[in-house]
Amino acid sequence: MSSHPEIAALLARSNRLGADPRNTNYAGGNTSAKGTAVDPATGAEVELLWVKGSGGDLGTLTEPGLAALRLDRLRALTGVYPGPEREDEMVAAFDYCLHGRGGAAPSIDTAMHGLVDAAHIDHLHPDSGIALACAADGEKLTAECFGDTVAWVPWRRPGFQLGLDIAAVKAANPQAVGCVLGGHGITAWGDTSGAAEANSLHIIRTAEAFLAERGRPEPFGPLIEGHRPLSEAGRRERAAALAPLIRGLASTDRPQVGHFTDSAPVLDFLARAEHPRLAALGTSCPDHFLRTKVRPLVLDLPATAPLDQVVERLRTLHTEYRADYQAYYDRHATADSPAIRGADPAIVLVPGVGMFSFGKDKQTARVAGEFYLNAINVMRGAEAVSSYTPIEESEKFRIEYWALEEAKLARMPEPKALATRVALVTGAGSGIGRAIAHRLVAARAWAGTSSTSRPRTRSSPAPTTSPTPPPRPTRPTRSGCWPPNWASTASGSTGSTPTGWSAARGSSPPAGAPSAPPPTASPRTSWASSTPSAPSSSARCCPNTSPTRSSH
């Protein structure tokens, strides 16, 4: 626990707020506290700002995740601020305001926390708040919902100027406890940590109640014939059949790991008449489209369409999506824009089945799906009381291809050799198989493991003689080498390929590869993300396995 009471209170508040997904999305938002501490260089007390740094998640925030800055130096930056056209330069200036060594790098939102005259500030991305922020008449609805206790701040890209805007709004509205940021989220403040938290929760819960009471029924429109959800077994079967193809399409530019969910909000959204229009509008909150891209790929066939027709249509839609994304980049890129990062979708929506999301690893893939679920909630709220109106496409591009975002990506460590690869290791309970699985995981592959052997207890003596092994199956040629007994482990059936084997593009066994002999016992399958001997939940994040439903 921190020795400074303000830091301890800040961390406790952050963890409570971040633990509830209604309050903010994963790794979204930031919190701060101001206080005094002794400057070791002078022995005098100085005013400091402790604020959540770049990256990290409020729900798990610890003291090393905070940036500590001298408040006098941070506020002095207003005297050298060159204006909105050059505000990106101010992020580098934050380094000259740091107090001591260590801690996290200051984020782009640091100015908001330092310039607003309040001791404790929470900036959050709740679905209810963003629904008001992304409604066509969001300013009017905010006034109806909160009166004059919550102000409205028009859309502005996060940065130094937004901090100045919020500071001016607070000064002009001394009765306000916070504000709704157009197209973005909310900010609340208080004289104490408890007051800031109470004001944050007041804004979020009041917005939730307002949307529920004022919202019209069926904001996504009536049900579409043929788009109702399949049965659970039907969804799993269709998702298992499509996962290798969809992952291969999403990995055209670079290999991706995938995640699948068939949660009720996703299925309801895809069953309704307005989902094509709303999906085409794209997400709005910067945190959303940085992880989901500006819009998803949406299959436009009924849930009961024949599989071969679905496969053909997905391939066509993927080609169109890549062309559309390239055109989006070309429309808005300037001479100093970062290079295009890939034109494949991060989110693929299949009516009646669910959502596939993709990323560089299982967490990124899962979080992308969670963010699109946030976007669905935002669309529902905005459509219930108004119409969903996200920020302009040009503004989305400015954030997606922001130089500061590019610099953040460049600071990330290089991925290990087998990152994004999914491997199946049979006989992984001991010996060479176990060692291979450990090596794969160490290289950051997502390893599914199986073994038909039972672990020996300490009291069980080792066998004195070895049983006669079954005849070894004929191996294919070296150029077509394929594990001879892999088919029985992941699919549970002999001589068939498991759903989407581990090749990065969703390949299938080479012609002539032998089928596995019938297993002598039901294989004991585990999907491991860290150690091959322990089952884990990572199976649902490996797109080459039969998908299971998300817990969200």
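Sequence order as written defines residue numbering, which begins from 1 separately in each chain. For a predicted model such as this one, the threshold for reporting local features is a pLDDT of at least 70, and the threshold for listing and counting side-chain atom pairs is 80 or more; totals across whole chains, interfaces and linings nevertheless cover every residue. To get the side-chain values, take all heavy atoms of the structure and skip hydrogens and water.

## Some words on the sheet that holds strand β7 (residues 185-190)
Between any two strands, at least two bridges found by DSSP are needed for them to pair. Per the convention used, a helix needs a DSSP run of H or I reaching at least four residues, while a strand needs a run of E reaching at least two, with both numbered from the N terminus. As summarised here, the arrangement of the 7 strands in space is β3-β2-β1-β4-β7-β6-β5, forming an open sheet in which the pairing is mixed. With partners counted over all chains shown, the strands left at the sheet margins are β3 (66-70) and β5 (150-153), one partner each. Averaged over all pairs of adjacent strands, the angle between their axes in this sheet comes to 20°, without regard to strand direction. As paired elements, strand β2 (residues 45-52) and β3 share 5 bridges and run antiparallel to each other. Counted as the bridge partner of L48 is R70 from β3. Packed onto the sheet, helix α1 (residues 5-19) meets β1 (30-38), β2, β3 and β4 (120-124) and runs at close to 170° relative to β1. Residue contacts are defined here by distance: any two heavy atoms, one from each residue, within 4.5 Å place the two residues in contact. Think of each axis as a best-fit line through the C-alpha atoms, taken over the contacting stretch in the case of a helix, with angles from 0 to 180 degrees between the N-to-C directions. Across the sheet, helix α8 (residues 193-214) is in contact with β4, β5, β6 (178-181) and β7; its angle to β7 comes to roughly 145°.

## Here we look at the nonpolar core
If you look at the biggest cluster of nonpolar residues, it comprises 54 residues, and the most contacted ones within it are L132, F146, F269, L349, Y372 and M379. Among the elements that make up this core, the one with the highest residue count is helix α14 (residues 362-385) (9 residues). Those residues in contact with L132, other than ones at most four positions away along the chain, are G138, L141, T142, C145, F146, W152, A207, F210 and L211. We call a set of buried residues a nonpolar core when its members are Ala, Val, Leu, Ile, Met, Phe, Trp, Tyr or Cys and they connect through side-chain atoms within 4.5 Å of each other. To sort residues, take the accessible area from a 1.4 Å probe on protein chains only and compare it with the maximum for the residue type: under 20% means buried, over 50% means exposed, and anything in between is partly exposed.

## A look at the pattern of salt bridges
Between Lys or Arg on one side and Asp or Glu on the other, a salt bridge is scored when a side-chain nitrogen of the former is within 4 Å of a carboxyl oxygen of the latter. For the coordinates displayed, the defined rule picks out 25 salt bridges. Among the ionic pairs, D165 bridges to R156, the shortest N-O distance being 2.5 Å. Given the relative accessible area of 31%, R156 is considered partly exposed. Here E383 ties to R277 by a salt bridge, and the two come within 2.8 Å at their closest N and O atoms. Here E383, found in helix α14, pairs with R277, found in helix α11 (residues 275-281); they are 106 residues apart in sequence, far enough to count as distant. Given a relative accessible area of 37%, R277 falls into the partly exposed group.

## Focus on α14
One turn of an α-helix holds 3.6 residues; hence residues three or four places apart share an orientation. To estimate the expected span of a helix, count its residues, drop one, and scale the result by 1.5 Å. End to end, α14 covers 36 Å across 24 residues, agreeing with the expected 34 Å (1.5 Å per residue, within 8%). Burial within α14 is extensive, with 18 of its 24 residues counted as buried. Between the side-chain oxygen at the start of α14 and the backbone nitrogen of Q363 there is a gap of 3.3 Å, and the oxygen is on D361. Under the rule applied, a polar contact is a pair of N or O atoms within 3.5 Å (in protein, one hydrogen donor and one hydrogen acceptor; residues adjacent in sequence only if both atoms are side-chain atoms).

## Some points on the pairing of β4
Within β4, 5 of the 5 residues are buried, which leaves the element mostly enclosed by the surrounding structure. Burial of the side chains of β4 extends over both faces: H120, D122 and L124 are buried on one face and I121 and H123 on the other. Bridge count for β1 against β4 is 4 bridges, and the pairing is antiparallel. Bridge assignment links A33 to a residue of β4, and that residue is H120. By the bridge criterion, 5 bridges tie β4 to β7 in an arrangement that is antiparallel. Pairing of I121 across the sheet is with W189, part of β7.

## Some details on the pairing of strand β12 (residues 422-426)
Burial runs high along β12: 4 of the 5 residues are buried. When β12 meets strand β13 (residues 446-451), the two strands line up parallel, connected through 5 bridges. Following the sheet pairing, V425 is matched in β13 by T449. Here the term right-handed applies to a crossover when the path leading from its first strand over the helix to its second strand runs clockwise, the strands being oriented away from the viewer. For the segment spanning β12, helix α17 (residues 431-442) and β13, crossover handedness is right-handed.

## Some thoughts on the sheet that holds strand β8 (residues 257-261)
Taken in spatial order, the 4 strands of this open sheet run β8-β11-β10-β9, and their pairing is mixed. Whereas interior strands pair on both sides, the edge strands pair on one side only; in this sheet they are β8 and β9 (297-298). With respect to the sheet, helix α9 (residues 232-250) is in contact with β8, β10 (347-350) and β11 (354-359), its orientation differing from that of β11 by roughly 35°.

## With respect to the packing of aromatic side chains
The pairing test for Phe, Tyr and Trp rings, Trp by its six-membered ring, is centres within 6.5 Å, and the orientation test on the planes gives stacked under 30 degrees, edge-to-face over 60, and tilted for anything in between. For the structure on display, the rule yields 8 aromatic pairs. Where Y328 meets F397, the ring centres are 5.6 Å apart and the plane angle is 75°; that geometry is what we call edge-to-face. Of this pair, Y328 sits in helix α13 (residues 307-332) while F397 is found in helix α15 (residues 393-400), placing the two residues 69 residues apart along the sequence. A relative accessible area of 1% places Y328 in the buried class. Given the relative accessible area of 4%, F397 is considered buried. Aromatic side chains Y329 and Y401 sit 5.2 Å apart centroid to centroid with 70° between the ring planes, which places their arrangement in the edge-to-face category. Of this pair, Y329 sits in helix α13 while Y401 sits in the loop between α15 and α16 (403-411); the two residues are 72 residues apart in sequence, bridging distant segments of the chain. Here the aromatic residues Y325, Y328, Y329, F397 and Y401 are joined through ring pairs into a cluster of three or more. Here, a charge over a ring means that NZ of Lys or CZ of Arg falls within 6 Å of the ring centre while also lying within 35 degrees of the ring normal. Note that R341 overlies the ring of Y401, its terminal NZ or CZ placed 4.6 Å from the centroid. In this structure, R444 is placed above the aromatic ring of W446, and the distance from its NZ or CZ to the ring centre is 5.5 Å.

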